[in-house]
Amino acid sequence: MGLLIKNGNIITSQNEYIADILVEGEKIIAIAKDIDPEGHEVVDVTDKYVFPGGVDEHVHYNSFNSLGYETSHAALVGGTTTVGDFVVQPAGVGLRDSIINYKKEFLDGIATPDYVLHGIIMDPSEESVTDLVNMPSVGVSSVKLFMAYKGMPYYVSDEWIFKALCKGKEAGVTIMVHAENADIIDVLTKKLIAEGKTEPKYFGDSRPVLSEAEATSRAIYMARIADAPLFVVHVTNREAAEAIRAAYNDGLSVYGETCTHYMMLNDENLAKPNFEGAKYVCNPPLRPQSDVDFMWEAINKGWLTSVGSDHCAIMGGFTEGKVKGKNDFSKIPPGSPGVQERLYMLWTYGVETGRITRQKFVEVCCTTPAKVCGIYPQKGDIMIGSDADIVVFDPNYRGVISNKDSLSGSDYCTYEGYKQKGIAEKVFLRGKLVAENGKFVGELGKGKQVMSKPYAYCYEKFKEQR
Ligand code: DUC
Ligand code: ZN
Ligand code: ZN
């Protein structure tokens, strides 16, 4: 007996059509009109949209002071069935081993959505760089390096970024960068704090748009010299996005994502009274509204490929976590929750306002992230043979985002009070019903690692060379 999802209006990144979907076990085995219901469990979804489970290529659990996978079912309630998490490499631990250890310690039996892992080089050495070619053997084909964070363990110099670009290419591993100029941020932060400008509203001044644009351009030059692909995570502004667009149009394999908050919030959030601005401190910072508008344009026109949440629910939330920076904005733990709201924000403020089409919504929230992560077409599409990760979406629901409905484990919600149009009425993960109308109804800890294949989306232009 299969599961027959009947009469849905199926949305993919390419088109939209009414059909039935037949699921056997964990996979989609047929898509057609009028599939015989005999012997199947039938779910009639007439007048509902049906789209692939969301793929959030950018989340954090158990790192950056964030809560762990016990809270990861929040993703499923928000229609995201696969998360892409960044695994920190502790000092002295091999890059590949960092993945094996992390999985054992934090994921096995704890993660609830499926997950794909990205590495992070934090212990830059010849061994770490050499290990890049071993990452696909543990299901990892993307590795992030931080240009920001002078004096902190995350920071790596250009030497290592360049070496990683060269080595990663040998094995089809995508190099991702956090592009902000560490020295400029260091100087500006010290200056602002010395001047007594310690409140969250000065945080943006410590990390200006051009410090991000400069690092983005520098990373692009390095990728160009290495003749390797590059993926720039969490792009926030016009200058950085234009550098990516120009490089791509010049024939380089340079891509970038933005994140929900850079499309929904702006720098005025940082100036909220009573230290509330701290809730919105994240790296890079929120930008002026003109950049927010540009992010929508960049997503719509394909200059940026996808939208991640950069979900990072800080331990202790606002009251016990963010408060650590009460007297110094540079000590506020960066990050905020968002995995549960990503699809709702993009649908309500994108699709419903006419800023993006339904196809674009699926492209940037499901399909392209799966491609970037090297897990397409297992994830990110409604196709025969794909995992049966399916969202049945009721577009007529009307609500308001509130932390009382959040499973993120935080004491605040980044999008509190925002409108929500539409709801994931049913969410299936590998054929199993896991969420219904904002409630988790599955079993915790059943998430599986999705093995990422090398030579993913960012290697598209290198096909002939292989
Ligand atoms: N970069 C991220 O992508 N997330 C959290 C903090 C950071 O610097
Ligand atoms: Zn980052
Ligand atoms: Zn992040």
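About the cut-offs
- Counting restarts for each chain, with residues numbered from 1 along the sequence as it is written.
- By the order in which they are written, chains take letters starting at A while ligands take numbers starting at 1.
- Local features are withheld for residues below a pLDDT of 70 in this predicted model, meaning they are given only at 70 or higher, and side-chain atom pairs are given and counted only at 80 or more; totals for whole chains, interfaces and linings count all residues.
- Remark: hydrogens and water are excluded; side-chain values derive from all non-hydrogen atoms of the structure.
- Residues are counted as near a molecule or strand when any one of their heavy atoms sits within 4 Å of it.
- Polar contact is the term for a pair of N or O atoms within 3.5 Å; when the atoms are in protein, one must be able to donate a hydrogen and the other to accept it, and sequence-neighboring residues count only if both atoms are side-chain atoms.
- With residues, only the protein chains shown are counted as cover, and all accessible areas are computed by Shrake-Rupley using a 1.4 Å probe.
- Polar here means any residue outside two lists: the nonpolar Ala, Val, Leu, Ile, Met, Phe, Trp, Tyr, Cys and Pro, and the charged Asp, Glu, Lys and Arg; Gly therefore counts as polar.
- Note: two strands are recorded as paired if DSSP finds a minimum of 2 bridges between them.
- Each helix is a run of H or I in the DSSP string that is no shorter than four residues. Each strand is a run of E no shorter than two, and both are numbered from the N terminus.
- All axes here are fitted lines through C-alpha atoms, helices being fitted over the stretch that makes contact, and every angle between N-to-C directions spans 0 to 180 degrees.
- By the convention used here, residues are in contact when the closest approach between their heavy atoms is within 4.5 Å.
- Burial classes: relative accessible area under 20% of the type maximum marks a residue as buried, over 50% as exposed, and values in between as partly exposed (1.4 Å probe, protein chains only).
- Any N, O or S atom lying within 2.8 Å of the metal counts as a donor, with the limit raised to 3.2 Å for Na, K and Ca; because water is left out of the atom set, some sites can appear incomplete.
- Here is the rule: rings of Phe, Tyr and Trp (six-membered ring for Trp) pair when centre to centre is within 6.5 Å. Planes less than 30 degrees apart are stacked, more than 60 are edge-to-face, and the remainder are tilted.
- In this analysis the charged atom, NZ for Lys or CZ for Arg, is taken to sit over a ring once it is within 6 Å of the ring centre and within 35 degrees of the ring normal.
- We define a salt bridge as a side-chain nitrogen of Lys or Arg found within 4 Å of a carboxyl oxygen belonging to Asp or Glu.
- Definition of nonpolar core: a set of buried residues of the types Ala, Val, Leu, Ile, Met, Phe, Trp, Tyr and Cys, connected through side-chain atoms within 4.5 Å.
- Residue ranges assigned to each domain were obtained from an automatic or database domain assignment.
- UniProt positions are given in the numbering used here, feature names are shortened, and annotations may be inferred rather than shown by experiment.

## Remarks on the site of ligand 1
Around ligand 1 sit His58, His60, Phe64, Lys144, Phe146, Tyr149, His178, His234, Asn283 and Asp310, and those are all the residues in its vicinity. Here Tyr149 contributes a side-chain N or O atom positioned 2.4 Å from an oxygen atom of ligand 1. Between an oxygen atom of ligand 1 and a side-chain N or O atom of His234, the distance comes to 3.1 Å. Coverage of ligand 1 by the protein chains reaches 99% of its 240 Å² of free accessible surface. Along the lines of polarity and charge, the residues of the shell around ligand 1 split into three nonpolar, five polar and two charged.

## A short note on the sheet that holds strand β6 (residues 54–59)
Read across the open sheet, the eight strands follow the order β6-β7-β8-β9-β10-β11-β12-β13; overall the sheet is parallel. Looking at the sheet topology across the chains shown, the edges are occupied by β6 and β13 (306–308). For this sheet, the mean angle separating the axes of adjacent strands, direction not counted, is 30°. Contacts from helix α8 (residues 238–249) reach β11 (230–232) and β12 (254–259) within the one sheet, and its direction differs from that of β12 by about 150°.

## What about helix α12 (residues 342–351)?
Most of α12 is tucked away, with ten of its ten residues classed as buried. When α12 is considered as a whole, its buried residues turn out to be Arg342, Leu343, Tyr344, Met345, Leu346, Trp347, Thr348, Tyr349, Gly350 and Val351.

## A short note on unusual backbone geometry
Cis rather than trans, the peptide bond between Asn283 and Pro284 has omega equal to -10°. With omega at 5°, the peptide bond leading from Tyr376 into Pro377 counts as cis. With respect to the element layout, Pro377 can be found in the loop between α13 (358–372) and β14 (390–400). Notably, His234 is not glycine yet its phi reads approximately 35°, a positive angle. Secondary-structure assignment places His234 in the loop between β11 and α8. The class for His234 is buried, based on a relative accessible area of 2%. For Tyr455, which is not glycine, the phi dihedral falls at a positive 55°. Relative to the helices and strands, Tyr455 resides in the segment after β17 (439–440).

## Section: the coordination of the zinc ion (ligand 2)
All of the protein donors around the zinc ion (ligand 2) are Lys144 (NZ), His178 (ND1) and His234 (NE2); their distances to the metal are 2.1 to 2.2 Å. Mapped onto the sequence, the donors of the zinc ion (ligand 2) take the spacing K-x33-H-x55-H. In this model, the zinc ion (ligand 2) sits 4.4 Å from the zinc ion (ligand 3). Of this pair, His178 sits in strand β10 (residues 174–178) while His234 is found in the loop between β11 and α8, placing the two residues 56 residues apart along the sequence. A relative accessible area of 1% places His178 in the buried class.

## Quick look at the packing of aromatic side chains
Per the counting criterion, the structure on display carries 23 aromatic pairs. Where Trp347 meets Phe393, the ring centres are 4.6 Å apart and the plane angle is 55°; that geometry is what we call tilted. On the criterion of sequence distance, the pair formed by Trp347 in helix α12 and Phe393 in strand β14 is long-range, its members being 46 residues apart. Given the relative accessible area of 2%, Phe393 is considered buried. Taking the ring centre of Phe86 as reference, the NZ or CZ of Lys144 above it sits at 5.1 Å. Over the aromatic face of Tyr149 sits the side chain of Arg207, whose NZ or CZ is 5.6 Å from the ring centroid.

## Observations regarding the pattern of salt bridges
Applying the stated criterion across every chain, the model contains 33 salt bridges. Across the salt bridge formed by Lys379 and Asp114, the nearest N and O atoms sit 2.7 Å from each other. Within this pair, whereas Lys379 is found in the loop between α13 and β14, its partner Asp114 is found in strand β8 (residues 114–120), the two being separated by 265 residues in sequence. Asp114 matches Lys379 in its accessibility class, with the two residues each being buried. Lys163 is the partner of Glu126 in a salt bridge, and the nearest nitrogen-oxygen pair spans 2.7 Å.

## Notes on the coordination of the zinc ion (ligand 3)
Each angle at a metal carrying four tetrahedral donors should ideally be 109.5 degrees, and each at a metal carrying six octahedral donors should ideally be 90 or 180 degrees. Distances from the zinc ion (ligand 3) to its protein donors, His58 (NE2), His60 (NE2) and Asp310 (OD), fall within 1.9 to 2.1 Å. One chain supplies every donor for the zinc ion (ligand 3), spaced along it as H-x1-H-x249-D.

## Quick look at the nonpolar core
Formed by 106 residues in total, the largest nonpolar core has its most connected members in Phe51, Leu132, Leu165, Leu230 and Phe361. Looking at this core element by element, the count peaks at seven residues for α12. Looking at this core, you find at least three residues from each of domain 1 (3–51 + 382–401 + 414–440) and domain 2 (53–379 + 450–465). Excluding residues within four positions of it along the chain, Leu230 makes contact with Leu165, Ile175, Val177, Ala219, Ile220, Ala223, Ser253, Val254 and Tyr255. One finds Phe64, Phe86, Phe231 and Ile314 within the second-largest nonpolar core, a separate group that totals 16 residues.

## What to know about the UniProt feature "modified residue: N6-carboxylysine" (unreviewed entry) in the protein
With numbering matched to this structure, UniProt assigns "modified residue: N6-carboxylysine" (unreviewed entry) to Lys144. Position of Lys144 relative to the elements: it lies in strand β9 (residues 142–146). On the accessibility criterion, Lys144 (1% relative accessible area) is buried. Those residues within four positions of Lys144 in sequence are excluded, and the remaining contacts are His58, Phe86, Gly119, Ile120, Ile121, Met176, His178, Val233 and His234.

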